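Here are the chains, one letter per residue:
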Amino acid sequence: MRRREYAALIAPSVIVMFGFLVIPLYRTIKWSLQNVDYGHPGTFVGLQNYVGALTDPRFGRAVLFTVGLTLTATAVLIVLGYIVATLINQIGRIRPLVLGILLISYVLPHVVGAAAFSWLFDSNFGGVVNYIITSLGGPEILWFTDPWPNRLMICLNVVWSMLPFAMLIILAGLQGVPEEVIEAAEIDGASSWKRHLHVIIPSIRGVLGFAILISIMDILRVFDNLIPLAPQAVSIGNESIMLYIYNEAFREGDQNLGVGSAVSVLTIILILIMLFPFIRGVFREAKAR
Amino acid sequence: MTIVNVEDASATAAPVPELKAAEPGRRRKSHTFWVLTGLFLAATCFIMLSPFIWTIMSVTKPTNVAFVDPPVFLYQPTLTAFVDLWQTTEFYRYLGNTIVVAVISTIVALAIGLPAAYALSRVPGWISAVLLVLALVFRALPRFAVVLPMYEITKSLGIYDTTYALALALIAINQPFSIWLLRNFFAEIPPTLDEAAMIDGCSRFQVLRRVMIPLMGPGILTAGIFVFLFAFQEYLTALILTDVNAKTVPVFIATQLGQTLPMLQQAGAAAVLLTIPVIGIAFIAQKYLVAGLNAGAVKG
């Protein structure tokens, strides 16, 4: 391919990425070093916003909450996703039906899915979950105001909305495992448990890695789900990092754009560090191809 | 090029037809295994659907029993909430906005992403590598880092709260990922095909238009479904960049949440109306989503 053709082919994409993403990003970085308000030029304050964010106990709680949720939900997602994918891989004719049903929660906007999900728990909406729990002899649970039940409900919702995607990725991987390898293990007398642990899981390592990567990336940014599920997020310590930025930098009242931007920058750094192994792999592959 | 989907994945693994390849494996399993698998999958489907079932029940109840605790399971169904939604809110306009934004941003993101993905799949080197890494990083970016500056920029340009500003923002946000998806499909088309077409007198751009795009049908469809879904689902960007005029359904439903009980029921009705077409999308999409994932998006 000639140099000029290459440039012409990538130009629209480069222009869009530069104009609509790099320039806003530059502004966020600039804001993070300023005392600033929307529509007004800011004044340079150095690292004050970063110090402010890092010493804010609310931000610390938000980081803890987000990281804890990410780790827990990712682990559950991968294990459940693997089990469901394995079972779906066994069934034949009704597979499209089952996949279609399972995909609904993934296809729906997260905020809408989370609203429907919250209505199962909401006593203003009949409280069907508490109804089941109390009729089985359990206690009445305050899903929206008690920190830990609220966390559990959020985690369940994240798993509910992301399980279809994790399951699909793993299913795609399972279909790439050659039948002969599994049969060979069977003939060698490996039990079903050992077959999964020593044959199937190692051969879909890459796919599992990808599923973990996507889950981590998406749960670290969790925001939409918390709007219906955690209306009390700030007071019970269930604010995510994104929700913290929103509350700091956008919500009416005390808009603190500088601190919000500083947290955005810190989050980008965190994500870059976590993505580093993948970035290096992609870079090498694309350069050498 | 082969796009593998769930149904014929085993067929491509072995030249034997699918059913025969699977039969020996199936006969080995016991009867109990199948009963347990069926029960587990049925339970999973039920749990995954339960929020929708409950929502449908809540919005078809008369308002006076819809919110009572303990919940009512038997009632005279009514469609009042839907009628109210249609008459007292501008739901149809929000739905229109959502669809317009999703369709426009999908078409433009693909039109921009296609040539770039083609170039990236054919030319190695550091520029391609940097672009691809950027596409990955932008996919993972915390939205506020770009959306809050966009808020200020749209306000100062006077295009705040317009559908095209929102569409532009979503094009920018989703376009990098379309490159990522499309590149994997291009990579499956052998470059010798390009060369053959060019020997026959095609220019590079003609190769892309006349040879590649027709071959890329399933790939474009898969990437299109993903990008459409992302745009259709977007809440955060629409929340920040719209106010009254360009409001989308997810934002509308979220603003109804803290309001009065009839409004809550209308939000439920809106969620149901949004879910119905989405079920259609889910059933059409499942084949292509798996195809997209199989075609190398998850090579690792």
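Calculation notes
Residues numbered from 1 in each chain as written. Chains lettered and ligands numbered in written order. Predicted model: local features only at pLDDT ≥ 70, side-chain atom pairs only at ≥ 80, totals over all residues. Helix = DSSP H or I, 4+ residues; strand = E, 2+ residues; numbered from the N terminus. Buried ≥ 20, exposed ≤ 12 C-beta atoms within 10 Å, placed from the backbone. Contact = placed C-beta atoms within 7 Å. pLDDT = per-residue confidence, 0-100. Nonpolar A, V, L, I, M, F, W, Y, C, P; charged D, E, K, R; others polar. Expected span 1.5 Å × (residues − 1). Axes fitted to C-alpha atoms, helices over the stretch in contact; angles between N-to-C directions. Parallel < 35°, antiparallel > 145°, perpendicular 65-115°, else oblique. Left-handed = near helix turned anticlockwise from the far one by under 90°.

Draft legend 1. Broad picture of the overall build of chain A. Across its full length, chain A carries 14 helices and two strands. Dimensions of chain A, computed from the C-alpha atoms along their principal axes, are close to 70 × 70 × 30 Å. By the burial criterion, 45% of the 289 residues in chain A qualify as buried. Nonlocal contacts in chain A, meaning residues at least 24 apart in sequence, comprise 68% of its contacts between residues at least 6 apart.

Draft legend 2. Inspection of unusual backbone geometry at higher detail. For B:Asp161, which is not glycine, the phi dihedral falls at a positive 65 degrees. Tracing the sequence through the fold places B:Asp161 in the loop between helix H8 (144–157) and helix H9 (163–187).

Draft legend 3. Highlighting the confidence of the model for chain B. All names here are of chain B. Put simply, chain B has an average pLDDT of 82, and 87% of its residues get 70 or more. Put simply, helix H1 (residues 9–13) is where chain B has its lowest mean pLDDT, 38, and helix H13 (residues 236–241) is where it has its highest, 94. Low confidence marks residues 1–27, where pLDDT is under 50. Its contacts with residues over four positions away, or in another chain, come to 35 contacts. The ipTM value of the predicted complex is 0.88, and its pTM value is 0.87.

Draft legend 4. Structural context of the interface of chain B and chain A. In this assembly, 93 residues from chain B lie in contact with 88 residues from chain A. A per-element tally of the side of chain B that touches chain A places helix H15 (residues 261–297) of chain B first, with 16 residues. Taken together, the residues that form the side of chain B that touches chain A break down as 70 nonpolar, 16 polar and seven charged.

Draft legend 5. Structural context of the environment of A:Arg4. Residue and element names in this part refer to chain A. Inspection of the secondary structure puts Arg4 in helix H1 (residues 3–32). Residue classification places Arg4 among the exposed positions, given that 9 C-beta atoms sit within 10 Å. For Arg4 and Ile271, which are 267 residues apart along the polypeptide, the C-alpha to C-alpha distance reads 34 Å.

Draft legend 6. Structural detail: the environment of B:Ala238. Residues and elements named next belong to chain B. With respect to the helices and strands, the residue Ala238 is situated in helix H13. Residue classification places Ala238 among the buried positions, given that 28 C-beta atoms sit within 10 Å. Non-local contacts of Ala238, meaning those with residues more than four positions away in its chain, are made with Leu166, Thr248, Pro250 and Val251.

Draft legend 7. Spotlight on H8(B). Taking 1.5 Å as the rise per residue, H8(B) with 14 residues should run 20 Å; its terminal C-alpha atoms sit 19 Å apart, in good agreement. Within H8(B), burial applies to B:Phe144, B:Ala145, B:Val146, B:Val147, B:Leu148, B:Pro149, B:Met150, B:Tyr151 and B:Thr154. The inward-facing, buried residues of H8(B) abut H1, helix H13 (241–249) and helix H14 (257–288) of chain A together with H9 and H13 of chain B. Positive backbone phi, at 75 degrees, marks B:Gly158, one or two positions downstream of H8(B).

Draft legend 8. How the structure looks around the packing of H13(A) against H14(A). All names here are of chain A. Their axes nearest at 7 Å, the elements H13 and H14 cross at an angle of 160 degrees. It follows that H13 is roughly antiparallel to H14 by the angle criterion. The hand of the H13/H14 crossing is left-handed. Contact residues: H13 offers Ile241, Tyr244, Ile245, Glu248 and Ala249, while H14 offers Leu257, Val259, Gly260, Ser261, Val263, Ser264 and Thr267. In the contact of H13 with H14, the residues fall into seven nonpolar, four polar and one charged.

Draft legend 9. Main features of the environment of A:Val22. All names here are of chain A. Structurally, Val22 is set in helix H1. Judged by the 15 C-beta atoms lying within 10 Å of it, Val22 is partly exposed. Taking C-alpha positions, Val22 is 29 Å from Leu108, a pair spaced 86 residues apart along the chain.

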